[in-house]
Amino acid sequence: MNPSLSLFALAAWSLVATGDLPNAASPVSDAVRASVKRAAGNFIAAAEDMPAGKYGYKPTPAQMSFGDVIGHMAAGNDVYCSGLGGVAPPKRADLGAGASKEKLVARLRETFQFCETALAKVDDSRLEESVPYFGDETVSRGSLMVSAAEEWAGHYSQIAVYLRINGLVPATAKR
């Protein structure tokens, strides 16, 4: 099965399983809104759970630190969600390398709130429309939806491992 189709099938199944049934007119957009809501809860919980002294932790020298992943997601949220929502990304001050836990958690919250606002009125009527994708590249809105969901899932998985290695239980395992 195509990985993109698999992701959408999983998203649709998770909506049915949680009772958050999609609007018949926009099931893909509804699935992405549900995905960003889950990602926000999981990422923010993980960011809050990791002790400030462990934000520099990385399993190997080649990997991003926990704090770098949180900063990367916050920056990526603005790019993904502005493209998906067809709105300009917010202008935010650069946090810089080694930003504090407090600043990173606050920024992460802001960017997920922006995502929820930017995606509020998105529907499936323009999935084929070209939208900006990092720099001068463009992709279809549908492709960007899949990419965003993959990014949220992939990086949450990454930081969940970082938490486990540090003796902490990720939010998704506490339920």
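Since we're looking at a predicted model, the values are computed, not measured.

**Considerations on the overall build of the chain**
In step 1: Counting secondary structure elements, the chain contains 6 helices and 2 strands.
In step 2: When its helices and strands are written in sequence order, the chain yields α-α-α-α-β-β-α-α.
In step 3: Considering the chain as a whole, with its 175 residues, one finds that 42% of them fall into the buried category.
In step 4: Of the roughly 9200 Å² of accessible surface on the chain, a fraction of 57% belongs to carbon and sulfur atoms.

**Some points on the pattern of salt bridges**
In step 1: The final tally for this structure, using the stated rule, is 8 salt bridges.
In step 2: A salt bridge links Asp30 to Arg33, with the nearest nitrogen and oxygen atoms 2.6 Å apart. With Asp30 and Arg33 both in helix H2 (residues 27-49) and 3 residues apart, the pair spans about one turn of that helix.
In step 3: Classification of Arg33 as partly exposed rests on a relative accessible area of 23%.
In step 4: Through salt bridges that share partners, Asp78, Arg92, Arg107 and Glu110 make up one connected network.

**Some thoughts on the environment of Ala52**
In step 1: For Ala52, the position within the fold is in the loop between H2 and helix H3 (66-85).
In step 2: It is 9.0 Å that separates the C-alpha atoms of Ala52 and Gly67, two residues lying 15 residues apart in sequence.

**Comments concerning the environment of Val122**
In step 1: With respect to the element layout, Val122 can be found in the loop between helix H4 (101-119) and strand E1 (130-133).
In step 2: The spacing of Val122 and Arg141 is 19 residues in sequence and 9.9 Å in space, taken between C-alpha atoms.

**Side note on the confidence of the model for the chain**
Where the model shows low pLDDT, its predicted coordinates should not be examined in detail.
In step 1: On average, residues of the chain carry a pLDDT of 89, and 86% of them reach 70 or more.
In step 2: Of all helices and strands in the chain, the one with the weakest mean pLDDT is helix H1 (residues 3-18) (47), whereas H4 scores best (97).
In step 3: When the criterion is pLDDT under 50, residues 4-18 qualifies, and its contacts beyond four places in sequence or with other chains add up to 17 contacts.

**Re the nonpolar core**
In step 1: Grouped together as the largest cluster of nonpolar side chains are 41 residues, with contacts concentrated most on Phe43, Ile70, Leu108, Phe112 and Trp152.
In step 2: Those elements that provide at least two residues to this core are H2, H3, H4 and helix H5 (141-165).
In step 3: Per-element tally for this core: the top contributor is H5, with 9 residues.
In step 4: Phe43 has contacts with Ile70, Met73, Leu108, Phe112, Trp152, His155, Tyr156 and Ile159, leaving out every residue within four places of it along the chain.

**A closer look at the pairing of E1**
In step 1: Here E1 pairs with strand E2 (residues 137-140) via 4 bridges, running antiparallel. When the bridges of E2 are listed, Tyr133 appears paired with Glu137.
In step 2: Hairpin connection of E1 to E2: 3 residues between the antiparallel strands, including Phe134 at a positive phi of 45°.

**Structural notes on the state of the cysteines**
In step 1: Within this structure, the stated rule accounts for 1 disulfide.
In step 2: Between the sulfur atoms of Cys81 and its disulfide mate Cys115 the distance is 2.1 Å. Residues Cys81 and Cys115 are joined through a disulfide that is right-handed, its torsion about the S-S bond being 90°. Note that Cys81 is positioned in helix H3 and Cys115 in helix H4, a separation of 34 residues in sequence. The two residues Cys81 and Cys115 agree in class, both being buried.

The rules behind these values
- Residues numbered from 1 in each chain as written.
- Predicted model: local features only at pLDDT ≥ 70, side-chain atom pairs only at ≥ 80, totals over all residues.
- Heavy atoms only, no water.
- Helix = DSSP H or I, 4+ residues; strand = E, 2+ residues; numbered from the N terminus.
- Buried < 20%, exposed > 50% of the residue type's maximum accessible area, 1.4 Å probe, protein only.
- Areas by Shrake-Rupley, 256 points an atom, 1.4 Å probe, with all protein chains shown as cover.
- Salt bridge = Lys/Arg side-chain N within 4 Å of Asp/Glu carboxyl O.
- pLDDT = per-residue confidence, 0-100.
- Contact = heavy atoms within 4.5 Å.
- Core = buried A, V, L, I, M, F, W, Y, C linked by side-chain atoms within 4.5 Å.
- Pairing = 2+ DSSP bridges.
- Disulfide = S-S within 2.5 Å.

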